[in-house]
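# Structure at a glance
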Amino acid sequence: MVNKEHESKYNKDYTKFNFQTRAVHVGNNVDKETQVIKRPITMGNSYRLPYDPSVINWSGFDENIYTRNGGSNQKFLEQKIASMEGGKDCIILGSGVAALSGLFFSLLESKDHVIFSNVTYIAVYRLLNELFNKKFNVETTIVDTTDINNIKKEIRENTKLIHIETPGNPIISIADIKKIAKLAHNNNILLSTDNTLASPYNQRPIELGADFSVESLTKYINGHGDSMGGSVSGRKKFLDIMRSQAQVNLGSVISPFNAWLIQRGSVTLPLRMEQHNKNALHVAKFLEDLEPVKFVSYPGLKSNKGYKIAKKQMSPGYGGVLSFSLHCNHDEYNEFVNHLNIITSAVSLGHDESLIVFIGEEDERLHLYPKEFHEGFLRFSVGIEDCEDIINDINQALKKTALI
Ligand SMILES: *Cc1c(COP(=O)(O)O)cnc(C)c1O
C-alpha cells in the first residue's frame, strides 16, 4: 500500500527552496513499490509494453520503452540539474563531451556559422575546428572571448551559435556571460556556456541570459571521480531535438548506475564547493607570493584580468581550479609533479582529491592562449583536503626539486 503522507511530502514544489535544500531533495522520492526513501537504481533496459504497442514511436523519448529512449534514473537526475541551473529543462547524457557534441549536432546545419572561444575543452576544439567544418560544412571562427569586441567583429549573417567556456579550461580565463548573451540575442544568435569549472553552485549561465548551460557532470557535480555524465540545461524546445537526435539516434545515453552515482554525489555539491572555493583562493594567494612562481591564473585574485567580471557573475566563490607556472624547465616541471605526495598527477578536475596536470610547451593549442602560457604551465584542481596539507605538499616538492 502506498503511504499517501510520504508521497505528498516528496511531491512538493521545490522551486521556493534554496540551493542547498534543492541539492538534497530534488529528483529523490519515496519508491512506490517498496516505500524505501531513496529512489533505487533501475538497471533494466526494457519496459513492459502497453496492450497495443503498434502505435508507439520507437524513436520517441516521452514513454518508457527502452533505456536508450530515456531511463528513470536519468530522468530523476534531469529534474535536479534543471533545478540547480535555474533552467526550464535538462537533458543528461553519457559524458560532458556527449552533451557538447549532442548540442552542436542537434543545433547546427551545414552553412551555419559558429563563433567559439579560444579557450575550451579540447573536444570542442576538435569538434568545431576539425570535424563539423570539414565533414558538415559548418563555418567556425575561434576568438578570444575575454573581449566582447572580438566576438562582435566576427558576427555574420549566418551565425547561429556562440559557444563560450568560463572559467575556461585550462588557463582559467573569464568571459562576460551577460554581455555576450545580450550581443547574441540582438543578432538572433544562441549562446551556449560550458559551466563545468564553476558548477551551478558558483555560476548559473541561464540566469545570466545564456540559452544553454553545459556541464561535465564527471567533474564537480558528481565530485568523487567515480563516474561520467554530461548535461545541457535550457528550453525544452531545443532539448527535445537533442533527445531525439543525440540520445535516441546517436545513442549517447547515460547508464542508470552512473546517473544514480551522480545523483548521490550532487547532494553534497554545495558543501564541497564551499571547501573548493576556500582552498583554491588560499592556495592561489600562497602561490602568488612564492619566488619560483611566474604567474597564477585564478579569477578570485584581485590581480587577475578576469576578476571584475568574475566577481559580477560568480558567487559565492570562484571554483577550485587554477593554473600557474614556475621558473623552471620542462624536466623540472615533471620532477616537481612527481615529488608531490597528496596531490595526484591525473587529468580531470572537480574531484574530492587534488589533481594536477603539466601542460608542456609542445601542446598544439598553446598559440591560442596569451604569451605567458607558451612555455608550459600546471593546471591544478584544488581538492577538499586540509589546506595546510596541500600547501605543505607543494612546499616540500619545490624543495626536493631545488626550486626553493
Ligand atoms: C571535462 C570537461 C568536459 C568533458 O567532459 P567529459 O565528462 O570528460 O566528457 C567538457 N568541458 C569542460 C570544461 C571539462 O572540464
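Further up the page is the structure itself.
Read on for an overview of the structure. (Residues numbered from 1 in each chain as written. Predicted model: local features only at pLDDT ≥ 70, side-chain atom pairs only at ≥ 80, totals over all residues. Heavy atoms only, no water.)

## Topic: the side chain of Arg22
- Its place among the elements puts Arg22 in helix 2 (residues 19–25).
- Buried and unpaired, Arg22 has no salt bridge, with Glu207 as the nearest side chain of opposite charge at 6.3 Å.
- With residues near it in sequence (within four places) discarded, Arg22 still touches Tyr14, Phe17, Lys80, Ser83 and Met84. (Helix = DSSP H or I, 4+ residues; strand = E, 2+ residues; numbered from the N terminus. Buried < 20%, exposed > 50% of the residue type's maximum accessible area, 1.4 Å probe, protein only. Lys, Arg positive; Asp, Glu negative; His and termini not counted. Salt bridge = Lys/Arg side-chain N within 4 Å of Asp/Glu carboxyl O. Contact = heavy atoms within 4.5 Å.)

## Comments concerning the side chain of Asp211
- Structurally, Asp211 can be placed in the loop between helix 8 (199–202) and strand 6 (212–216).
- For Asp211, a relative accessible area of 7% corresponds to the buried category.
- A polar atom in the side chain of Asp211 sits 2.8 Å from the backbone nitrogen of Leu191.
- Look past the residues within four positions of Asp211 in its chain and what remains in contact with it is His185, Ile189, Leu190, Leu191, Ser233, Gly234 and Arg235. (Polar contact = N/O pair within 3.5 Å; in protein donor to acceptor, adjacent residues only side chain to side chain.)

## So, helix 13 (residues 330–339)
- All buried positions along helix 13 are accounted for by Tyr333, Phe336 and Val337. Each buried residue of helix 13 sits inside an arc of 95° when the element is viewed along its axis, so together they form one side. Of the residues in helix 13, the exposed ones pointing more than 90 degrees away from the buried face are Asp331 and Asn338.
- Against the buried residues of helix 13 lie strand 9 (321–326), strand 10 (344–345), strand 11 (355–359), strand 12 (377–381) and helix 14 (387–400).
- The N-capping residue of helix 13, defined by a side-chain oxygen 3.1 Å from the backbone nitrogen of Asp331, is Asn329. (Arc of directions from axis to C-beta.)

## Some words on the pattern of salt bridges
- For the structure shown, the criterion picks out twelve salt bridges.
- With a closest N to O distance of 3.2 Å, Asp112 and Lys160 form a salt bridge. Highlighted residues: Asp112 in the loop between helix 4 (96–107) and strand 2 (113–117) and Lys160 in strand 4 (residues 159–165), separated in sequence by 48 residues.
- The closest approach of N and O atoms between Asp211 and Arg235, which form a salt bridge, is 2.3 Å.

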